[in-house]
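# Fold and geometry: a report
Spelled out from the first residue to the last, the chains are:
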Amino acid sequence: MNISAFINKDRLVKIFIDLININSPSFGEKELGRLLSQNLKTAGCRVEVQKYDRSFNLIALKKGSIKDSSPLLLSGHMDTIEPTTGIRFETKGGIIRSIGNTVLGADDKSALAQIIETLMVLKEKKIPHGDIEIVFTSAEEKGLFGAKNLDFGRLKSRHALILDSGGPVGNLVIAAPSHITYEMRISGRPAHAGIEPEKGINAIRVSSEIIAAVPDGRIDAETTANIGMINGGTATNVVPKEVVIHGELRSHDKKTLRDTKKIIFDTAKDIAKKNRAGIRITDQEEYRAFRIDRKEPFLRFLGGVYKDCGVEPVNTVTGGGSDANIFNQQGILGVNISTGMQKVHSHDEYIHLNDLTRGCLVVLKTVMDFPGFRRDKPGR
Ligand SMILES: [Zn+2]
């Protein structure tokens, strides 16, 4: 069966363009949410708006006709990196690209369009399926806020396709690191820099010593560290009283993460003490690492789906986090797949129309063949 003919390419492109034409920065997803709700309802879904303090998630259900089946979850995020205000784009040579000083927003609107078109096809062609849960999250780009505030109690799926990866269609993210952020507050002693500098303790100098001493950049193949922000000082004639340093570290390995954190924090404390400066460190786990076993039936099933779509699947390990970290942390086996979007988070962001369609085909094929929707098949 040639199911690629089921996909209405013009409709898919129109859905995508309508979505990128609406500005939806993190925590500003309201207008986009309205259009998405409409689209989901048109495709035959029941839609709920799950609010949290700073924004909302859309949780939808496309009820299936196959009874006693395990549901499948499809997910993407509604927000985009900025700027997208006054977005200009062109469609030329089979490519949609940003032509102004904004991103295109294919991250992650290509995902939303592919999911909606899939649902439209299911309805239109009356394709049998089990229950499909759809989650569109908010503020992913600002720190996975939507996913972290998602009411997982409402979801029944144990398997998820998360469409939020870039590069060629066929890329599947099967592992992502844990992520910790921290704040160091270094307190010196203020003094007049010209009259009595010897009475002061210079928080900037102490911080500099710390920054130069701690492990930084690539620690090993699985671990990275970075100091990303420093703030401090008030005037050139004042020995600075306080500096605040913000940093992060990531690792695929729990022990290395713990050890690296200890080295960074202990080094900072020793240096502060030696200089008679105060130091206060707080840290926070942003998300936890996941690694999907290559033998995992769902992953092997997806590999087959790609091959059937004429695409070679490529398992990738990323250094970045996504909603997939939160889904996996919550016990939903989520694979983050590429929608075909390219050069995301840049003003050169683009997507090939062929990839937009190919990515949609993968989603459609996954839904049509999902083992959980077949009573006779294991691997649910
Ligand atoms: Zn994204």
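Residues numbered from 1 in each chain as written. Predicted model: local features only at pLDDT ≥ 70, side-chain atom pairs only at ≥ 80, totals over all residues. Heavy atoms only, no water.

With that settled, consider the coordination of the zinc ion. Protein-derived ligands of the zinc ion are His 77 (NE2), Asp 107 (OD) and Asp 164 (OD), with the metal-ligand distances lying across 2.0 to 2.1 Å. Note on Asp 164: relative accessible area 13%, which makes it buried. (Donors = N, O, S within 2.8 Å, 3.2 Å for Na, K, Ca; no water. Buried < 20%, exposed > 50% of the residue type's maximum accessible area, 1.4 Å probe, protein only.)

Here the structure, examined in full by the defined rule, presents 19 salt bridges. Between Lys 148 and Glu 286 there is a salt bridge, and its shortest N-O distance comes to 3.0 Å. Taken as a pair, Lys 148 in helix α4 (residues 145–148) and Glu 286 in strand β15 (residues 278–287) lie far apart in primary sequence, 138 residues in all. Judged by its relative accessible area of 35%, Lys 148 is partly exposed. One salt bridge connects Arg 185 with Glu 242, and the closest N-O pair in it is separated by 3.1 Å. (Salt bridge = Lys/Arg side-chain N within 4 Å of Asp/Glu carboxyl O. Helix = DSSP H or I, 4+ residues; strand = E, 2+ residues; numbered from the N terminus.)

A word on the domain arrangement of the protein. Think of interface size as the accessible area that goes away when the parts come together; that is how it is often given. Here the protein is described as being made up of domain 1 (3–176 + 289–373) and domain 2 (180–285). The C-alpha-based centres of domain 1 and domain 2 are spaced at 39 Å. Of the residues lining the interface, 10 residues belong to domain 1; the matching set on domain 2 comes to five residues. Here domain 1 meets domain 2 over a buried area of about 400 Å², counting both sides, of which 36% is carbon and sulfur. Looking at the side of domain 1 facing domain 2, the largest losses of area belong to Ala 289, Arg 291 and Gly 319, adding up to 53% of the total buried there. Inspection of the region where domain 1 meets domain 2 yields one salt bridge. Across the contact surface, domain 1 and domain 2 share two residue pairs in polar contact (both at pLDDT 80 or more). (Domains from an automatic or database assignment. Contact = heavy atoms within 4.5 Å. Buried area = accessible area lost by both parts, 1.4 Å probe. Polar contact = N/O pair within 3.5 Å; in protein donor to acceptor, adjacent residues only side chain to side chain.)

What follows covers helix α7 (residues 297–308). With 12 residues, α7 extends 17 Å between its outermost C-alpha atoms, agreeing within 8% with the 16 Å of an ideal straight helix rising 1.5 Å per residue. Taken together, the buried positions of α7 are Phe 298, Leu 299, Phe 301, Leu 302, Gly 303, Val 305 and Tyr 306. Buried residues along α7 sit against β3 (72–77), β7 (159–165), β8 (171–176), β17 (314–317), β18 (333–338) and α9 (353–369). The N-cap of α7, judged by a side-chain oxygen 3.1 Å from the amide nitrogen of Phe 298 a few residues on, is Glu 296. (Expected span 1.5 Å × (residues − 1).)

Within the element layout of this structure, Ile 227 appears in strand β12 (residues 223–232). Between the alpha carbons of Ile 227 and Pro 25 there is a distance of 25 Å; along the sequence they are 202 residues apart. With sequence-adjacent residues up to four places away left out, Ile 227 is seen in contact with Tyr 182, Ile 211, Val 214, Asp 216, Ile 245, His 246 and Gly 247.

Here the focus is the side chain of Ser 26. On the secondary structure map, Ser 26 appears in the loop between α1 (9–20) and α2 (30–42). Within the local environment of Ser 26, its side chain forms a polar contact with the side chain of Asp 79, the two groups lying 2.7 Å apart. Setting aside residues up to four positions removed in sequence, Ser 26 forms contacts with Asp 79, Thr 80, Ala 139, Glu 141 and Lys 142.

Relative to the helices and strands, Gly 100 is located in the loop between β5 (95–98) and α3 (106–124). Sequence-wise, Gly 100 and Thr 366 are 266 residues apart; in three dimensions their C-alpha atoms are separated by 36 Å. Contacts of Gly 100, omitting those with residues within four sequence positions, involve Arg 88 and His 347.

The five strands lie next to each other as β11-β12-β14-β9-β15, forming an open sheet whose pairing is antiparallel. Unpaired on one side and paired on the other, β11 (217–220) and β15 mark the two borders of the sheet. Taking the axes of each pair of neighbouring strands and ignoring which way they run, one obtains an average angle of 20 degrees across the sheet. Pairing geometry for strand β9 (residues 178–187) and β15, over nine bridges, is antiparallel. Among the inter-strand pairings, Thr 181 is bridged to a residue of β15, identified as Gln 284. On top of the sheet, helix α5 (residues 203–213) reaches β9, β12, β14 (242–251) and β15; it is set at about 15 degrees to β14, its chief contact. (Pairing = 2+ DSSP bridges. Axes fitted to C-alpha atoms, helices over the stretch in contact; angles between N-to-C directions.)

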